[in-house]
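Okay, here's what each chain looks like letter by letter:
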Amino acid sequence: MPATLSYAVPSRWDGGFIGNMAVLAGDAALNGWTVAFDAGFEITNLWGAEIVSRVGTHYVLRNLGWNAAVPPGGTASFGFQAAGADSTARGLALNGETQGGEPPAPPATPPAITVADAAIEEGQAGTRELVFTVTLDRPAAGSVTVDYATADGTALAGQDYVATQGRLTFAPGETSRTIRVTVTGDAAVEADEALLLRLSSPVGATLADAEAIATIRNDDVAPPAPLPSLSVGDASVAEGDPGHGGSGGGAAEGFLSTAGNQIVDAAGQAVKIAGVNWFGLESTNFAPHGLWARGYREMMDQMKAEGFNTIRLPFSSELLHTTAAPNGIDFSRNADLQGLSGLQVMDRIIDYAGEIGLRIILDHHRSSAGAGTSGSGLWYEGSHTEAQWIADWTMLAARYAGDATVIGADLHNEPYNGSWGGGGANDWAAAAERAGNAVLASNPDWLIFVEGVGSHQGENYWWGGNLMGVRDRPIVLDVADKLVYSAHDYPNSIFAQPWFQQAGWEAQLTAKFDQMWGYIYREGIAPVFLGEFGSKLQDAKDLAWLDRITAYLAGDLDADGSIDIPAGQQGMSWIWWSWNPNSGDTGGILADDWTTVIAAKVERLEPLQFDLGDLPQDGGTAGDANRLSFTVTLSAASDNAVLVDYATVAGTAGAADFAPASGTLRFEPGETSKIVTVAVTADTLAEADETLSLVLSNPRGATAGDMSGTGTILDDDGTTTPPVTPPVTPPVTPPPGEGGLEAAFSLTSSWSTGFQGGVAVVNHGPAAVQGWQLRLDMPYEITQIWNAEIVARDAEGYVICNVAWNGALGDEATVSFGFLGAGTVDATQIDILF
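Residues numbered from 1 in each chain as written. Predicted model: local features only at pLDDT ≥ 70, side-chain atom pairs only at ≥ 80, totals over all residues. Heavy atoms only, no water.

Q: Tell me about the overall build of the protein chain, and please be specific about residues and values.
A: Helix and strand content of the protein chain: seven helices and 52 strands. Its C-alpha radius of gyration of 30 Å places the protein chain within 12% of the 28 Å reference for a compact globule of 834 residues. By its C-alpha atoms, the protein chain is 95 × 75 × 55 Å across when sized along the principal axes. Within the protein chain, the fraction of its 834 residues that count as buried is 50%. For the protein chain, restricting intrachain contacts to residue pairs at least 6 apart in sequence, the fraction spanning at least 24 positions comes to 73%. (Helix = DSSP H or I, 4+ residues; strand = E, 2+ residues; numbered from the N terminus. Rg over C-alpha atoms; globule rule 2.2 N^0.38 Å. Buried < 20%, exposed > 50% of the residue type's maximum accessible area, 1.4 Å probe, protein only. Contact = heavy atoms within 4.5 Å.)

See the structure below:
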């Protein structure tokens, strides 16, 4: 049987449609495929394939690298969004073979377009013009057009150059044109910078070289400005009693924060969000779905009874601004919703959730009212601007401030067309920081949930599920310990992703989860929240996927049956999609009658559930009660971002007295102050005041000033005689050769401008070691370090010590730390000394 091609149009609207094509291999495998057709429409967005050429109405498409190979009987699918009323694709051909009817006569081979690299001296003031030359390899009989746009490299639009985009036209017979980009001069001493010019959408020609690199050569010789210094101040707070605040007012005991990869309550105890999505407020009903069949209170009581502790509540920007009344509600079952606006319906849902012990995560699901995520794949769309999006979130944060029923803000659902970093209007990471900081300025008690994108560095994944960019470009918020990364993940029945079609795919799923989002939890970077996953459980591959992902959420991070979560901690939080049976992709927890629970789904989720019932719902007033607030300052504003790591260190206050905190602070250009909060555990013991330290380390872009602040927990339970602390004799570390400490360096990976290394420290005993310190001599600069701290640096290298939690080493115990280094590495130049 030969290979065949099918074409379907699953969705259309005024002026456009979505088209899907599927390549089905016959008896023989395909190693690459090409599809050709004549179209009465224009392709505006394409996934799963790329355009080889377009001449007039004739398109030629081909596979991407990851879906070129199709096994016998296998399928490779791709799709596109198109503009035009006529969705007919005429003369379909697969690898030159007609798919019904005669193929159109092949067009003459069109000319090829190339763009050359360019370079320019930056200049110390004013502007200069950078010139790119675009050429055709031979003249064309008709006009040729190609779109172009600049993109940031190390050079940033608006700072180093003026972003440019447009359409270039070659007249018949013309073979060379130029594109000019304005470069902004400055007097800053900096490395050479680069920007990109990308060509796209050729008409009348093909793209031979679609990207050029332009180098802006630095020509400034002024000495760099001195770096500002970093310091942290002391802090104090009244301890308070359980269930009450300290001296500053009502305590926010019910609010959640983060510690490492854990979500914790105000007492520092690890908790887990385990809930269900209930959609509808984002739709044109402006109310949660199902209220035409049941009362909302009855529905929420059932959610609670089935073991869910949280509702993710999608809404749209339009909900907050419309004058339209909610609809699709049986008011005989929901009498108290009569006459309310959509926002007031949200209020009632939140109020009743608080009464019965459910929590709420608000999810900006889309801009205009409707189904699914925003059509733009971005957090802004049409009249719903980014500024409005941020203002809406700020309003909601203030509206529900002080109510611990609302856990926090899922900033935007599935920003699949956003980039993770890189600057520009579509930089999702930067936008999430802007919105998250605005929310926390209005309500510092909320968690901020940041979803992934659709593609990063050529790796495609589920919309909202690709968090690969976090490793190199983490989100940094002004309020520490409030960031949670949120992923979406789905099975084969939703879309036959290529990783589900490979031999042995089940065993590779854990590695896929880890690559896209799980590594963030596994490496202790931050908590991970699986904000959407679900299935109708009707596809055998779905069942295997669900077994793998629930085991992964529960703690089997290595897919070998081991549980990798330490005692006292929790696995990753999650929200099932969906409660609603009217989800076309996954169905719901409820059957179509909106009443019957589908037991098979709940049974698979039951081992992952968690009871939040003991957490107080009344959060009191937001403030400093039961929290130490350390102020970290820069001596002067910097023109560049400044980063510094921080961690708490126990003193007379120990693990029972406060929730350990650690992380990285990022000062954006112009900022000089940040706050780190540490949750204090209240008790009723009469005891002496207790202390802990907040220690700063590894400053980047600043020098070290006062790097340690003392936090004092003031006892308010009566007086007591301070205990006398006996002198402690520090342990003696035996010299090498007679036991003692030994360390080994390993090169994890390297590239042209840097490398990743690891050091394993082992104590050969026989005595235990309480704290370790070593010299790492090498000619390379450490740009990032984890699981250790830099004490000092000199011309030979670095002095490095343990962090608070990994200093104690028993006989034959081992601890490891890692770092990133700058430069072309030679491992023979790296020495470790004790």
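Q: Please give an account of the pattern of salt bridges that cites residues and values.
A: Oppositely charged side chains can pair when the atoms bearing their charge come close. One pass over the structure, following the stated rule, counts 27 salt bridges. Glu42 is the salt-bridge partner of Arg54, the closest N and O atoms lying 3.9 Å from each other. Of this pair, Arg54 sits in strand β6 (residues 50–55) while Glu42 sits in strand β5 (residues 42–47), and the two are 12 residues apart along the sequence. Arg54 sits in the buried class, given a relative accessible area of 19%. Take Glu42: its relative accessible area is 38%, and that puts it in the partly exposed class. Arg198 is the partner of Glu211 in a salt bridge, and the nearest nitrogen-oxygen pair spans 2.9 Å. You can see Glu211 sitting in strand β20 (residues 211–217) and its partner Arg198 sitting in strand β18 (residues 193–203), a full 13 residues away along the chain. Residue Arg198 is classed as partly exposed on the basis of its relative accessible area of 41%. Overlapping salt bridges bring together Arg312, Asp363, Asp410, Glu451 and Glu532 as one network. (Salt bridge = Lys/Arg side-chain N within 4 Å of Asp/Glu carboxyl O.)

Q: Break down the layout of surface pockets for me, with residues and values.
A: Approximately 390 Å³ is the volume found for the second largest pocket. Across the lining of the second largest pocket, the residue classes break down as 10 nonpolar, four polar and four charged. (1 Å grid on protein atoms, 1.4 Å probe; cavity = no way out; pocket = protein on both sides within 12 Å on 5 of 7 lines; lining within 4 Å. Points joined across faces, edges and corners; volume = space filled by probe spheres on them. Nonpolar A, V, L, I, M, F, W, Y, C, P; charged D, E, K, R; others polar.)

Q: A description of empty space enclosed by the protein should follow, citing residues and the corresponding values.
A: Under the counting rule described, the total for this entry stands at three cavities of 30 Å³ or more. Estimates place the volume of the largest cavity at around 80 Å³. Looking at the largest cavity, it is lined by 14 residues, and the ones nearest its centre are Ser257, Thr258, Val264, Ala659 and Ala679. Among the elements of the structure, β23 (257–259) and β39 (673–679) are those that each provide at least two residues to the lining of the largest cavity. Across the lining of the largest cavity, the residue classes break down as eight nonpolar, three polar and three charged.

Q: Explain helix α4 (residues 428–442) residue by residue, including any values.
A: Here α4 contains 15 residues, and its C-alpha end-to-end distance of 21 Å stays within 8% of the 21 Å for a straight helix at 1.5 Å per residue. Along α4, 11 of the 15 residues are buried, which leaves the element largely enclosed by surrounding structure. Here α4 has its buried residues at Trp428, Ala429, Ala430, Ala431, Ala432, Glu433, Ala435, Gly436, Asn437, Val439 and Leu440. Where α4 is buried, its residues contact α3 (386–399) and β30 (447–451). Capping the start of α4 is the job of one residue whose side-chain oxygen sits 3.2 Å from the backbone nitrogen of Ala429: Asp427. (Expected span 1.5 Å × (residues − 1). Polar contact = N/O pair within 3.5 Å; in protein donor to acceptor, adjacent residues only side chain to side chain.)

Q: Can you tell me about the packing of helix α2 (residues 342–356) against α3, naming the residues and giving the values?
A: Orientation of α2 relative to α3, taken along the N-to-C sense of each, is 40°, at an axis distance of 13 Å. Considering the angle they form, α2 stands oblique to α3. Relative to α3, α2 is oriented so that their crossing is right-handed. Counting all contacts with α2, which are made through Leu343, Met346 and Asp347, the residues of α3 involved are Met395, Leu396 and Arg399. Residues belonging to the contact of α2 with α3 are distributed by class as follows: four nonpolar, no polar and two charged. (Axes fitted to C-alpha atoms, helices over the stretch in contact; angles between N-to-C directions. Parallel < 35°, antiparallel > 145°, perpendicular 65-115°, else oblique. Left-handed = near helix turned anticlockwise from the far one by under 90°.)

Q: Before we move on, could you go through the sheet that holds β18 and cite the residues and values that matter?
A: If you walk across this open sheet you meet the five strands as β13-β20-β18-β15-β16, and the pairing is mixed. Unpaired on one side and paired on the other, β13 (118–121) and β16 (165–170) mark the two borders of the sheet. Put simply, the sheet's adjacent strands are angled 25° from each other on average, direction ignored. Pairing of β18 with β20, which is carried by six bridges, proceeds in the antiparallel orientation. When the bridges of β20 are listed, Leu197 appears paired with Ala212. (Pairing = 2+ DSSP bridges.)

Q: Talk me through the environment of Ile273; I want residue IDs and the actual numbers.
A: Turning to its location among the elements, Ile273 is positioned in the loop between β25 (270–271) and β26 (274–277). Counting along the chain gives 154 residues from Ile273 to Ala119, while the straight-line C-alpha distance between them is 52 Å. Discounting residues that sit within four places of it in the chain, Ile273 has contacts with Ile263, Asn309, Thr310, Ile361, Ile407, Phe449, Phe529, Ser573, Trp574 and Ile575.

Q: Could you give an account of the packing of aromatic side chains, naming the residues involved and the relevant values?
A: Taken as a whole and judged by the stated rule, the model has 35 aromatic pairs. On the basis of an interplanar angle of 45° and a centroid distance of 6.4 Å, the ring pair of Trp420 and Tyr485 is categorised as tilted. One end of the pair, Trp420, is in the loop between β29 (406–410) and α4; the other, Tyr485, is in strand β33 (residues 483–488), with 65 residues separating them in the sequence. This pair shows no difference in class: Trp420 is buried, exactly as Tyr485 is. (Phe/Tyr/Trp six-rings, centres within 6.5 Å; stacked < 30°, edge-to-face > 60°.)

Q: For the environment of Gly173, give the residues involved together with the corresponding values.
A: Note on placement: Gly173 falls in the loop between β16 and β17 (176–184). Considering only alpha carbons, one finds Gly173 and Thr596, 423 residues apart in sequence, at a separation of 71 Å.

Q: So what's going on with the side chain of Glu451? Which residues, and what values?
A: Structurally, Glu451 can be placed in strand β30. Of note is the side chain of Glu451, whose polar atom sits 3.1 Å from the side chain of Arg312.

Q: Provide a residue-level description of the sheet that holds strand β44 (residues 754–763), including the pertinent values.
A: The strand order across the open sheet formed by four strands is β43-β44-β51-β47, and the pairing between neighbours is antiparallel. The outermost strands of the open sheet, each flanked by one partner alone, are β43 (741–751) and β47 (781–786). Taken over all neighbouring pairs, the strand axes of this sheet differ in orientation by 25° on average, direction set aside.

Q: Could you give an account of the packing of helix α5 (residues 505–522) against helix α6 (residues 540–554), naming the residues involved and the relevant values?
A: Where α5 contacts α6, the two axes come as close as 10 Å, and the packing angle between them is 50°. In terms of orientation, α5 lies oblique with respect to α6. The interaxial crossing formed by α5 with α6 has right-handed handedness. Contact residues: α5 offers Trp505, Glu506, Ala507, Leu509, Thr510, Phe513, Asp514, Trp517, Gly518 and Tyr519, while α6 offers Lys541, Ala544, Trp545, Arg548, Ile549 and Tyr552.

Q: Can you explain the environment of Val115? Please cite residues and give values.
A: On the secondary structure map, Val115 appears in strand β12 (residues 112–115). As for Val115 and Asp706, which are separated by 591 residues in sequence, their C-alpha atoms are 53 Å apart. Setting aside its immediate chain neighbours within four residues, Val115 contacts Phe132, Thr133, Val134, Leu197, Leu199, Asp209, Ala210, Glu211 and Ala212.

Q: Can you break down the pairing of β44 residue by residue, with the values?
A: With eight of 10 residues buried, β44 lies mostly within the body of the structure. Once β43 ends, the chain turns through two residues before running back antiparallel as β44. For β44 and strand β51 (residues 814–822), the ladder comprises nine bridges, and the chain directions are antiparallel. Its bridge partner lying in β51, Gly754 is registered against Ala822.

Q: Describe in detail unusual backbone geometry, supporting the description with residues and values.
A: Here Trp577 and Ser578 are connected by a cis peptide whose omega angle stands at 5°. One can find Ser578 in the loop between β35 (573–576) and α7 (599–605). Following Gly765, the chain continues to Pro766 via a peptide bond in cis, the omega torsion being 5°. A positive phi angle is found at Gln457, which is not glycine, with a value near 50°. Structurally, the position occupied by Gln457 is in the loop between β31 (455–456) and β32 (459–460). Accessibility expressed as a relative area gives 68% for Gln457, which makes it exposed. Phi is positive for Asn698, close to 55°, though the residue is something other than glycine. With respect to the helices, strands and loops of the structure, Asn698 is situated in strand β40 (residues 690–700). Classification of Asn698 by relative accessible area gives buried; the value is 6%.

Shape descriptors only; they carry no functional weight alone.
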